[in-house]
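# Secondary and tertiary structure notes
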Amino acid sequence: MKKFMKIAALTLAAVMMLACFAGCGKTDTTDKVYKIASDNAFPPFEYLDAATNTYVGVDMDILAAIAADQGFKYEVANVGFDAALGQVQAGQADAVIAGMTIKPEREEIFDFSVGYFEDGQIMVVAADSDIDSMEDLAGKVVATKAGTMGLEYAEANKDKYGYTTTMFEGSVEMYQAVAQGSCVACFEDRAVIGTAIQNGEVNLKTVGEVINPAPYGFAVKKGTNAELIEMFNKGLENIKANGKYDEILAKYGM
Ligand code: GLN
């Protein structure tokens, strides 16, 4: 009887181990809920829709369409741009989609998908401003947004043109500083400031040409979540082929 119990126990243990081997691999790909971090006020890419109290936009819709196509689950935390990049670097989020420009310095710490949109920055001033060149910024204060290409551009040129900078957390605060006059200009992604101006949300205008046009990418911390990048790339290809991608861009006036 004792011997029988021992065999039964061993058999049960073996069955449980096998079940785990069979199930564990599966759990990773089908039950995992990827944590995606994003910006919170960056229309038309991600912004709070007041009517539904949910975050909508090109990035949100592309992510939803790709996840549906590839069959993965995810949740989004719209924490702001700099915070989103920080969360991915800290391993608190699996990936970021936030109108994030692919550039060499970022490729040292992030792995990017293929590009899914292209844009650059443009100078933004108050609607009634006389400023129309970098030279006009001498002795003035330029508003910047934490962690962005616009910040990098403003910092890289401030000694040459003789202005100083003040940094803000988000696009909304940055625009306000320019509209209210505590700063005379900022550098924002062209499609984003274009949308804000078109929607009549800001009393601002753009000056000059687009700076450094480059692709936006979905990104993970370097060396992690390779399967997620692979699914994003495959899904993007599929939604481009079936018309969903064009439909999303058109929905947001892009
Ligand atoms: N495209 C810009 C960047 O990558 C701005 C992104 C953003 O503000 N969400 O820095």
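The preceding data block contains the structure.
What comes next concerns the included structure. (Residues numbered from 1 in each chain as written. Predicted model: local features only at pLDDT ≥ 70, side-chain atom pairs only at ≥ 80, totals over all residues. Heavy atoms only, no water.)

Neighbouring residues of the ligand: 13 residues in total, closest G99, R106, K145, M149 and D189. Between the ligand and G99 there is a distance of 2.7 Å, counted from a nitrogen atom to a backbone nitrogen or oxygen. Here a nitrogen atom of the ligand sits 2.6 Å away from a polar atom, N or O, in the side chain of D189. Within the complex, 100% of the 300 Å² of free accessible area of the ligand lies under protein. In a pocket analysis with a 2 Å cut-off to the grid points, the ligand is assigned to the largest cavity. Taken together, the residues that form the shell around the ligand break down as six nonpolar, three polar and four charged. (Near = heavy atom within 4 Å. Polar contact = N/O pair within 3.5 Å; in protein donor to acceptor, adjacent residues only side chain to side chain. Areas by Shrake-Rupley, 256 points an atom, 1.4 Å probe, with all protein chains shown as cover. 1 Å grid on protein atoms, 1.4 Å probe; cavity = no way out; pocket = protein on both sides within 12 Å on 5 of 7 lines; lining within 4 Å. Sits in = over half its atoms within 2 Å of the grid points. Nonpolar A, V, L, I, M, F, W, Y, C, P; charged D, E, K, R; others polar.)

By way of backbone hydrogen bonds, the strands of a sheet pair with one another, either parallel or antiparallel. Taken in spatial order, the three strands make up an open sheet running β2-β3-β4, and their pairing is antiparallel. The open sheet is flanked by β2 (41–42) and β4 (54–56), the only strands paired with a single partner. Alignment of strand β3 (residues 46–49) against β4, held across three bridges, turns out to be antiparallel. Bridge pairing links Y47 to V56 in β4. (Pairing = 2+ DSSP bridges. Helix = DSSP H or I, 4+ residues; strand = E, 2+ residues; numbered from the N terminus.)

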